[in-house]
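Tertiary structure, described
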Amino acid sequence: MPRKLPKKDIVIIGLGWTGSIMANELTDEGLDVIAIERGPWRDAPTQFPTNYAQDELRYRIRHELFLRPEQNTFTFRNKMDQTALPIRDWGSFMPPNGVGGGGVHWNAETWRFLPTDFVLRTHLTERYGAAFLPEDMTIQDFGATYDELEPHYDAFEYLCGTSGTAGNLRGQIQEGGNPFEGPRSRPYPTPAQKQPFSHTLFAKAARDLGYKPFPQPSGNLSQAYKNPLGLRMGPCTYCGFCEWFGCGNYSKASPQTTILPHLIRKSNFTARDNSEVVQINLDRSGKRATGVTFVDTGGVEWEQPADLVILSAYTLFNVQMLLHSKIGAPYDPVANKGVVGRNFTHQTISTVNGFFDNKKFNFNPFIASGSIGMCIDEFNGDNFDHGPLGFVGGGYMGQVQTGGRPIQSTGVPPGTPKWGAAWKSAVRDNYLSSVRPGTGVHGSFYSYRDVYLDLDPTYKDRFGRPLMRMTIDFHDNEIKQNAYLTDKFAEIIRAMGAHTLEKVYRKAPYDATDYQTTHLNGGVIMGTDPTTSVINRYLQSWDVPNLFVTGASAFPQNAGYNPTGTVAALAFWAATAIRGQYLKNPGPLIHA
Amino acid sequence: MRNAAKFSIAIGAAATWVAAAGVSGAADPDGQAFDRIEKGHYLTTVADCFACHTALNGGKPFAGGRPIETPFGNITSSNITPDNETGIGAWSDQQFDDAVRKGVRPDGSRLYPAMPFPAYTKMTHDDVMAIRAYLATIEPVHQPVRANTLPFPFNIRLAMRAWDALYFTEGEFRPDSQQSPAWNRGAYLVQGPGHCTACHTPKSFLGGDKTSYNLRGFNLQGWFAPDITGDAGEGLGQWSEADITSYLKTGHNRVTAATGPMAEEVVNSTSQYDDDDLRAIATYLKSLPGQQAAAPAQAEQSTMIAGEAIYRDQCSACHGLDGQGVAMLFPSLVQSSLTHASDPASAIRLVLRGARSVATKAEPTAPGMPSFGWQLDDAQVAAVLTYIRNAWKTAAAPVSPDVVRNARDQLSTRSD
Amino acid sequence: MDRLSAGFSMAMRRRDFLAGTAILVVNTMESRATVISGALPWTPNAGSPPVSVRPGPWHYFTSDEGRAIEAMADRIIPQDPQTPGGKDSGCAVFIDRQLAGPYGRAEGHYTGPPFMPGTKQQGPQSADGPAATYRKALAAVDRYCQSTYQGKRFPDLSDEQKDELLKNIEDGKTKLEGVDGQSFFAQVIKDTQEGFFADPLYGGNRDMVAWKMIGYPGARYNYLDWVERHNERFPLPPVSLIGRADWSPKT
């Protein structure tokens, strides 16, 4: 029998990026807010200080800052006719754990989606006709538009101090920025980061080929900054230990550097760490959330009653929470009914490694930041004519190499043996003169009827509940998209002066052991129609109006960009709706 | 004639300035009571009674019970709420004044100078009564406090008579007519209710102020409270008035940040001072002459080379390759009096244990410094501190590995 | 300076006011649940700095197993005039200490049954962690060698014989009894090369020889003055998380 705690106005599940944004916004309304986080409190000087954060083995290879599968994991299969088996150790993605969530270990690549990304089905149908899209592709419009979200993208970028060069200022295309981006109301708060050698060489090669390269928008700041909450950050020092690692010198945007020190001082805010919410509780009608039940590390169950519940956990855990709490109809791919778990997507990643003459090129790959890189957007979204190509979607591409950490950056040219004297001398000869972009091609992943999440029939978690099951594979559309983009990318790497290329195309089947970013999306998608979405355009549950669900679980499909900027913009958008409309008149904001 | 008038106005102004900021002289009794309580509230904050007289972790305000660490053992602070039995509710005004400004309790026994009466003696009677008026409005808390917790022989309060005779000079602050009203106000605050001398003035072996070294710095509980005179090398000589006021008000300035015991002081006390009072303090402190210290000993070349290597590899990512840090975020080592202090205790402590700088409403970031004690041995800590103290335009005496080792040993017994 | 002569302090005891009303959090992976409000938590010496591997006897391997892994590491990364091989650079020590710790036990992995073989994309589905796998596989290699090479064990073979055998295991031409030889050898390559390039505090990459070999400057945090120095060799020597020789004053 859970012990009952005193009621709060608002309970927030998960204190990552969106949990922190929601907590900060809603405490400003004078309401009592508690955030409950499964993992530990995290803080730079004590958890990732400048004197031991830069440990590749500990934080990248053994991934110490991440969730342990033993605490929660998923089963995986490619196709519906296979048996799903547990992901016993992480591979293709890696969920965060702890206060700050993914905001602690992310690269801070801070993109906006294109305006067309938000009205994807409408736009593609208009341009290419409905028959151009595969029959089992289930892409949808978001229900909110780029123009509606623009002020919230702006709010997030100014919260973070994002470093970049604007490409489109109120409709005017700007030299040096991304000419394809949606219009922004004002420039980035800080100038773009300076670029190391290989990144500028890529830009030159891209320009020579007729493209318009621009610096990747970076949450690793180019200079000292004070954000609107009065919090200060320092300049990034290009340590090359960004994604997978916490930042030791207050130069990476995270909840820790941009929100929490301000938030924690508010007397109406409390955080609980090492406490895992296991259920959202409903009243008898099933239409009203009464609060949450959570378990602390002592194994004790508690109930936290609240008037408003914000589910701000990582994508997969949002879906899992709704399934376990029996909120919303679970998706059935055979009957094509139900909503929770549908439109599950990832990202379509590939790269091209380039090997250069070490007597002419010294790239010092260890000098890098997480969002360094010169990119081109000519092949993203619908920025190019797909008619002759037979696929839809695309992504940005760039020399976005974020470090030269030796365990992972000592790749050798194709055909080199994997061990022995030849391997050793190839490593010696190529480390300083190779280009290894990592997520060089960062493509979209559209949604399909047979790519989804549901509960596993066999495997259980430590509470005896079913694990969530992922059924995911690449479809021809994404494979074609990726082949086309990878070839274009290879041309640029060649034009930089590489003597040997290693093209690493993305191929089916989807491999759960091969890391492909943690940009998982969908399962609790937003939309305008309750039969094909779980939440409305304000991220409010259609079934339980005093429940809002933030995060990339809202995306009906993934675009060709890192998701965090859009995830944060949607959180600000939802917070605005809650503050401006819901709190005055609790109840459904949209009557479908 | 005009000069005389100016002169008397100046005196009058100084007197009013010094002692009675904010008190209305109007004849309305209620108005006066309210003003006096407000003034008392402000002065209580300046004197920071709350910090010592409130127990940690949820103690009731001013109800005492906080252990005050002294080299002779712990003293427990008394209950100064208006409770008649266990607090000061039954005390007369004179008895309260005698305790604060003379160190004598109603029963005639002496207070130990953990209660900084040698500084509070400088307060005016009016100010002390205002504090009393404010304390009388605090919620009375019935909480007996066993105050005499020092071990034998230090629990013999009678010995304080002798101590007082040696070290205690009773008497109100006397304004200096040669100085401006602001200077006098600053001097009054620093020497009197602000009791800065309690931490920042060196003490004799019996704990009395070495008054000829006023505010030149003092080592207590593993920290060195630095020189806050206008000394260019070790004190505030290179700080502007704005640097001082920013530090006291927000805990941060372009050069450094408050941490350790000063962080508590900033949050509880100085961050709530009037801006005029902060400027007055700055005026006073900067006027205090520096010492004509001899040039410090030269650092060994091999030490500087090692220190530079450590600095580049480990310190520069925050404190900058030029030692200038990032304003309001990472202190500037070049200009920091903490790093150049004659007694490097605070610098050693920061390097070994790490620290968090203070969070105030104006500056909530509170950046933290990691601990290096696990990573650097005594010779390395000494080398990098010697480097920092001598690498840029300033110079200070080298730090020896022995001093680091002693500090490390003593700090290992501390839990704070 | 003893306490009596330290002077009678009139100052307050240093409390952790910086923590405000916060209850302090113990910073380990296995922390207890806490409530945080009012201020950011702080304790001195907090965090979990890395603990260096100390040289000495094997923690996990038997002496035969240790010899065998040393021999394998020396074929995976052979000695050459410029840079030591896998054995002398400490790769076997690295693997031994890793197997003796959480990595060897597959700590944190999901170990719920049933264990069923799956597709390559579904990842490893064995109940054995790395430590158990190494033990089984090294025993199988040992048995194979003794029966194939007239009683000789793996370290006693010639370099050519070692390379040939490893290649055959790698290609699947030689099967090991009771164990997936291909997957085992891929693991040994991975672990050896990780030990070679990891921070020396973990036992491999002794004296940062691997980092010197490739020109990697080590566990540094500040390259701000080098970002725009394109195509220039970075001149500073590598530094480990536990420092470098230059940190200590030369007497």
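Residues numbered from 1 in each chain as written. Chains lettered and ligands numbered in written order. Predicted model: local features only at pLDDT ≥ 70, side-chain atom pairs only at ≥ 80, totals over all residues.

Remarks on the domain arrangement of chain A
Residue and element names in this part refer to chain A. Definition in use: An automatic or database domain assignment supplies the residue ranges for each domain. The classification used treats Ala, Val, Leu, Ile, Met, Phe, Trp, Tyr, Cys and Pro as nonpolar, Asp, Glu, Lys and Arg as charged, and all other residues, Gly among them, as polar.
Entries for chain A in the domain assignment read domain 1 (1-109 + 233-347 + 513-592) and domain 2 (192-213 + 348-443 + 473-509). The straight-line distance from the C-alpha centre of domain 1 to that of domain 2 is 31 Å. Considered class by class, the residues forming the side of domain 1 that touches domain 2 number 9 nonpolar, 7 polar and 6 charged.

Section: the packing of helix H15 (residues 345-353) of chain B against helix H17 (residues 401-411) of chain B
Residue and element names in this part refer to chain B. Our working rule: Comment: axis = line fitted to C-alpha atoms, over the contacting stretch for helices; angle = value between 0 and 180 degrees taken between N-to-C directions. What counts as a helix is a DSSP run of H or I of at least four residues, what counts as a strand is a run of E of at least two, and both are numbered from the N terminus. Two helices cross in a left-handed way if the nearer one is turned anticlockwise from the farther one by less than a right angle. They cross in a right-handed way if the turn is clockwise. Distance between backbone-placed C-beta atoms decides contact: two residues are in contact if it is within 7 Å.
The interhelical angle for the contact between H15 and H17, taken along N-to-C directions, is 65°, at an axis separation of 10 Å. When the axes of H15 and H17 are compared, the crossing they make is right-handed. Where H15 approaches H17, its residues Ala345, Ile348, Arg349, Leu352 and Arg353 are matched on the opposing element by Val404, Ala407, Arg408 and Leu411. Across the contact of H15 with H17, the residue classes break down as 6 nonpolar, no polar and 3 charged.

Quick notes on helix H8 (residues 197-208) of chain A
Residues and elements named next belong to chain A. What counts is decided by this rule: Residue count minus one, scaled by 1.5 Å, sets the expected span of a helix. Here the C-beta atoms are placed from the backbone, and a residue counts as buried if at least 20 other C-beta atoms lie within 10 Å of its own, exposed if 12 or fewer do, and partly exposed otherwise.
Across its 12 residues, H8 extends 17 Å between first and last C-alpha, which sits within 8% of the 16 Å expected from 1.5 Å per residue. Every buried residue of H8 is accounted for by Phe197, Ser198, His199, Leu201, Phe202, Ala203, Ala205 and Ala206. Residues of H8 that are buried sit in contact with strand E16 (374-376), strand E17 (395-399), strand E18 (434-435) and helix H14 (476-496). Gly210 occupies a position one or two residues after H8 and carries a positive phi of about 95°.

Looking at unusual backbone geometry
With glycine set apart, most residues show a phi of negative sign, and most peptide bonds adopt trans. In this chain, A:Ala508 is followed by A:Pro509 through a cis amide linkage whose omega measures -5°. Residue placement: A:Pro509 occurs in the loop between strand E22 (500-504) and strand E23 (547-549). Omega for the bond connecting C:Pro113 with C:Pro114 falls within 30 degrees of zero, at 0°, which places this linkage in the cis form. Relative to the elements of secondary structure, C:Pro114 occurs in the loop between helix H2 (91-99) and helix H3 (130-148). Of note in the backbone geometry, C:Ala106 takes a positive phi value of approximately 55° without being a glycine. Along the chain, C:Ala106 falls in the loop between H2 and H3. Phi is positive for C:Asn205, which is not a glycine, with a value near 50°. Positionally, C:Asn205 belongs in the loop between helix H5 (181-197) and helix H6 (209-214). C:Asn205 gets classed as buried once you count the C-beta atoms within 10 Å, which come to 28.

Here's the deal with the interface of chain B and chain A
The interface is formed by 20 residues belonging to chain B together with 19 residues belonging to chain A. Listed by contribution, the elements that provide at least two residues to the side of chain B that touches chain A are helix H13 (301-319) and strand E6 (368-369) of chain B. Sorting elements by how many residues they give to the side of chain B that touches chain A places H13(B) first, with 3 residues. Class assignment of the residues belonging to the side of chain B that touches chain A gives a composition of 14 nonpolar, 5 polar and 1 charged.

Things to note about the environment of B:Ala293
Counting through the fold element by element, B:Ala293 comes out in the loop between helix H12 (275-287) and H13. A sequence separation of 120 residues divides B:Ala293 from B:Thr413, and the C-alpha atoms of the two residues are 34 Å apart.

Considering the sheet that holds strand E21 (residues 466-471) of chain A
Residues and elements named next belong to chain A. Cut-off, in case you're wondering: Strand pairing requires that DSSP identify at least two bridges connecting the strands.
Pairing within the open sheet is mixed, and its 4 strands lie in the order E5-E4-E21-E20. If you trace the sheet from one side to the other, it starts and ends with strand E5 (85-86) and strand E20 (452-460), each paired once. Where strand E4 (residues 74-77) meets E5, 2 bridges bridge the pair, whose relative direction is antiparallel. Considered in E5, the bridge of Phe76 is made with Leu85. Each of E4, E20 and E21 touches helix H11 (residues 315-325); the most contacted strand, E21, lies at about 125° to it.

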